[in-house]
Amino acid sequence: MTSTQSIPSVVDRIKPVATGAPVVFVHFVAGRTAFALGEEALLFVAPDGAEQRVPLHAGGILAVACDGARILTGGDDGKVVATNAKGESETVATDAKHRWIDRVALGPDGAVAWAAGKQAFVRTRKGEVKSVDLPSSIGGLAFAPKGLRLAIAHYGGVSLWFPNAQAAPEMLAWKGSHLDVAFSPDGKFLVTSMQEATLHGWRLMDGKDMRMSGYSAKVRSMAFTAGGKWLATSGSEQLILWPFGSKDGPMGKQPRMVLPHDKRVAAVACHPLEEIVAAGFEDGMVMLARIDDGAEILAKKPGSAAVSALAWSEEGAKLAFGTEDGEAGVVDLA
């Protein structure tokens, strides 16, 4: 990308938000934008600009998940906290050993999951807590789209655990350290980001392996498009999109690459209804790309720090962003 001057822009539609702290996560909840700040609190911002700051942890927020109705956070105080759309919070769990809670996930029917050290926990809607021990520290958690099944990434692969079953977790093995994990929306594929600058995947029907490489850095952000046809990823000086529209996924296929830039993509977010992806770069710029024709729109000009959080509103009319130095805002695309 040589210049953004010739690209259509919506930067004049940004409503800035003064967060006062690094932004680690952002999501829309019941019409308000919720920014998770690196230091202890959630910041809710209403469409009219009214703010509500909710302190949650005695220390840093290390992990966040949201399903549009509730926000689940894990902190270095050893607590798991659930916060609803009104900003009301409750402590879901406190780790008995006061270990850091650095992975959380929200599942079906009110289930929540979190990780501490080499243990993963699930609490059902009825309040039952189940746990499982893993061979190494946990890198990522993800619930399957259907049924109470949790994917747990760790060194050497991924464990697939049914918390309500007595059986040991099923192991999908691949050498190396797996840092994050995601199911495809149809539940047919599972993808992990790795310590190396690569992704690994499995077709769950037969356990067939898939390698997705070519990155210049670790993939710290990945998301499937609304229909699950593409997997958008960070970690390169362009937005890399892997095809998942066929029964073989990306096996034997090359990725599509859009939004070339001289800085790496740091964060991605996929539009909830259309095949449009927002990409935030290490220099603070945010771009929108339409996958079918590669059309580009500038949503935010470069700033002083990397984009650390991106999220679309439920209907896709707004895009929220946050950066590592606390610059934040909401872009009204309606």
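See the structure shown above.
Below or above, wherever it landed, is the structure these notes cover. (Residues numbered from 1 in each chain as written. Predicted model: local features only at pLDDT ≥ 70, side-chain atom pairs only at ≥ 80, totals over all residues. Heavy atoms only, no water.)

### So, the pattern of salt bridges
So, point 1. Summed over all chains, the structure comprises 12 salt bridges.
So, point 2. In this structure, Asp109 engages Arg125 in a salt bridge whose closest nitrogen and oxygen atoms are separated by 3.0 Å. Here the residue Asp109 occupies a position in the loop between strand S9 (103-106) and strand S10 (112-116), and Arg125 occupies one in the loop between strand S11 (119-123) and strand S12 (129-133), the gap between them amounting to 16 residues. Summarising the burial analysis for this pair, Asp109 and Arg125 share the class exposed. (Salt bridge = Lys/Arg side-chain N within 4 Å of Asp/Glu carboxyl O. Helix = DSSP H or I, 4+ residues; strand = E, 2+ residues; numbered from the N terminus. Buried < 20%, exposed > 50% of the residue type's maximum accessible area, 1.4 Å probe, protein only.)

### Concerning the sheet that holds strand S13 (residues 138-143)
So, point 1. Pairing is antiparallel across the open sheet formed by 6 strands, whose spatial order is S13-S14-S15-S16-S17-S18. What marks the edges here is a single partner per strand, and that holds for S13 and strand S18 (208-212). Adjacent strand axes in the sheet meet at a mean angle of 45 degrees, parallel and antiparallel pairs treated alike.
So, point 2. Bridge count between strand S15 (residues 170-183) and strand S16 (residues 189-194): 5 bridges; the pairing is antiparallel. Bridge pairing in S16 links His178 to Met194. (Pairing = 2+ DSSP bridges. Axes fitted to C-alpha atoms, helices over the stretch in contact; angles between N-to-C directions.)

### Here's the deal with the pairing of strand S8 (residues 89-94)
So, point 1. Relative to S8, strand S7 (residues 79-84) runs antiparallel, the two sharing 5 bridges. Across the sheet, Val81 pairs through a bridge with Thr91, a residue of S8.
So, point 2. Remark: 4 residues form the turn of the hairpin made by S7 and S8, two consecutive strands paired antiparallel; Gly87 in that turn has positive phi of roughly 90 degrees.

### Observations regarding the sheet that holds S12
So, point 1. In spatial order, the strands read S9-S10-S11-S12; together these 4 strands make up an open sheet with antiparallel pairing. Looking along the sheet, the strands with just one partner apiece sit at the ends: S9 and S12. Taking each pair of neighbouring strands and ignoring which way they run, the sheet shows an average axis angle of 15 degrees.
So, point 2. Of the pairings in the sheet, the one linking S11 to S12 comprises 5 bridges and is antiparallel in character. Across the sheet, the residue bridging to Ala120 is Val132, located in S12.

### Considerations on the nonpolar core
So, point 1. Among the nonpolar cores identified, the biggest contains 19 residues, and Leu239, Leu241, Leu259 and Val277 are the most heavily contacted of them.
So, point 2. Contributions of two or more residues to this core are made by strand S20 (230-233), strand S21 (239-243), strand S23 (265-270), strand S24 (276-281) and strand S25 (286-290).
So, point 3. When near neighbours in sequence (up to four residues on either side) are disregarded, Leu239 contacts Ala232, Thr233, Arg256, Met257, Val258, Leu259, Val265, Val268, Val277 and Ala279. (Core = buried A, V, L, I, M, F, W, Y, C linked by side-chain atoms within 4.5 Å. Contact = heavy atoms within 4.5 Å.)

Note that all results are geometric; they support no functional claim without further evidence.
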